[in-house]
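# Chain and residue survey
What follows is each chain in one-letter form.
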Amino acid sequence: MTFLQLNYIMEIYNCGSINKAAQKLFLSQSSLSSSIRELEHELGIKIFKRSNKGIEVTEDGKEFIAHIRPILEQQKIVESYYANRNNDDFSTFNVASQRYPFCAKAFVMLIEEQEVTKYSFSYMEAEMDKVIENVSERKSDIGIIFITDTTEKFMNRTLASHDLEYQDLMSIKPHVFLNVNHPLANKESIKVSELFDYPYIAFVKKNNEPFNYSEEAVIPNIDKFKKIIYVNDRASCYNMMANTFAITTGSGIIPEGYGDANIKTVPIDDALDMMRLVWIKIKDISLTPTAERYLEILKEIIKESA
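Reference entry: report on the structure contained in this document. (Residues numbered from 1 in each chain as written. Predicted model: local features only at pLDDT ≥ 70, side-chain atom pairs only at ≥ 80, totals over all residues. Heavy atoms only, no water.)

## Comments concerning the packing of helix α1 (residues 3-15) against helix α3 (residues 29-43)
To be explicit about the condition: Interaxial angle, 0 to 180 degrees, is taken between N-to-C directions of lines fitted to C-alpha atoms, where a helix line uses only the stretch in contact. The secondary structure listing takes helices from DSSP runs of H or I that are at least 4 residues long and strands from runs of E that are at least 2 residues long, numbered from the N terminus. Note that the term roughly parallel is reserved for angles under 35 degrees, roughly antiparallel for angles over 145, roughly perpendicular for angles of 65 to 115, and oblique for everything else. By convention the crossing between two helices is left-handed if the near helix lies anticlockwise of the far one by an angle smaller than a right angle, and right-handed if it lies clockwise. Whether two residues touch is decided by their heavy atoms; if any such pair falls within 4.5 Å, the residues are in contact. Charged means Asp, Glu, Lys or Arg here, nonpolar means Ala, Val, Leu, Ile, Met, Phe, Trp, Tyr, Cys or Pro, and polar covers whatever is left, Gly included.
For the pair α1 and α3, the least separation of the axes is 10 Å and the interaxial angle reads 115 degrees. The orientation of α1 with respect to α3, classified from their angle, is roughly perpendicular. Here α1 and α3 pass one another in a crossing that is left-handed. The residues of α3 that touch α1, namely those facing Q5, Y8, I9 and I12, are L32, S35, I36, E38 and L39. Tallied by class, the residues present in the contact of α1 with α3 amount to 6 nonpolar, 2 polar and 1 charged.

## Focus on the sheet that holds strand β3 (residues 90-97)
To be explicit about the condition: Strands are labelled as partners when DSSP assigns at least two bridges between them.
Taken in spatial order, the 5 strands of this open sheet run β4-β3-β5-β12-β6, and their pairing is mixed. Across the chains shown, the open sheet's two edge strands, defined by having one partner strand only, are β4 (118-125) and β6 (164-172). Within this sheet the neighbouring strands show an average axis-to-axis angle of 20 degrees, counted without direction. Summarising the sheet, β3 and strand β5 (residues 142-147) pair through 3 bridges and their orientation is parallel. Paired with S97 across the two strands is I144, which belongs to β5. In the packing of helix α6 (residues 128-136) onto the sheet, the strands contacted are β3, β4, β5, β6 and β12 (275-282), and the crossing angle to β5 comes to about 145 degrees. Helix α9 (residues 289-305) contacts β3, β4, β5, β6 and β12 of the sheet and is inclined by roughly 20 degrees relative to β6.

## Points about the side chain of N134
To be explicit about the condition: Classification of residues uses two cut-offs on accessible area relative to the type maximum, computed with a 1.4 Å probe and protein chains only: under 20% is buried, over 50% is exposed, and between them is partly exposed.
Locating N134 in the fold gives a position in helix α6. A relative accessible area of 7% means that N134 is categorised as buried. In this structure N134 touches A96, M124, K139 and S140, once residues within four positions along its chain are discounted.

## Comments concerning the packing of aromatic side chains
In plain terms, the rule: For this analysis, a ring pair means two rings from Phe, Tyr or Trp (six-membered ring only for Trp) whose centres lie within 6.5 Å, classed as stacked if their planes differ by under 30 degrees, edge-to-face if by over 60, and tilted for the remaining angles. A positively charged side chain is recorded as over a ring if its NZ (Lys) or CZ (Arg) lies within 6 Å of the ring centre. The angle to the ring normal must also be within 35 degrees.
Scanning the entire structure with this criterion turns up 8 aromatic pairs. A centroid spacing of 6.1 Å and a plane angle of 85 degrees characterise the contact between F93 and F121, whose relative ring orientation is edge-to-face. Taken together, the residues F93 in strand β3 and F121 in strand β4 connect sequence positions 28 residues apart. No difference in accessibility class separates F93 from F121, as the two residues are buried. For the ring pair Y100 and F102, a centre distance of 5.1 Å and an interplane angle of 10 degrees mean the geometry is stacked. The pair Y100 / F102 is uniform in exposure class, with both members buried. For R99, the ring lying beneath its charged end belongs to F203, and the centroid distance is 4.4 Å.

Below, the structure written as structure tokens:
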């Protein structure tokens, strides 16, 4: 079975006729028919019923076409990607990040700088383990996560097992995110013990996911929160804080236009550790100029906002 044969099948299906498909493919009808028969013999199924009225797709044929359609679509994507890649006026970049608004802002600023006529960029916000997986599988050029002194040993082992390495961006004092009308909103700093009376917002975790994968700033005695609200995206997290007295913890960096006017941040006095924002990549793989520029923009945003 070859890609050529699969494309023949789809052309016949789309045309509804072997004769018409042969004309579009610049093949003889006998040559096209012979190629399809060889494939049917190889698979042990009949894809088309032939008659004087034309062709009809069999049940096996319908199932087979359903299987090969996404394969052929992916083939076109790959061919298009590498055709464009040979074009000097084409750029590609993929980044995965934990749910940080400053990473999104850096991505937008990077896009605004592009002068090429074609580019293929992707930005994904996800759980820490998914960010690591994406970079490890080369779906993303770099990933943005955070570690602490407490989680460093665990993360070193985890990243090494995925053949990844990391470099620090900046160490940041953890902050509380809360409603501007929250009872604690006017304080210059907050102690962890003052938070336990309020609902705590956390991102949904998989069953048995290690504490070290937490997306929120690691603080002591997190088990003392009696009320926890789980969300699975940044917008839901912001909505909860903007309309309730629920709180969460994190870097405290919310660039203008990437948050909610009803939310503010206050530093935590006695956080367990500093948050160390880091970027990860595959070992021994050099960054592209686009990836390097993204990190430059990201560092500028963090320094201005921290």
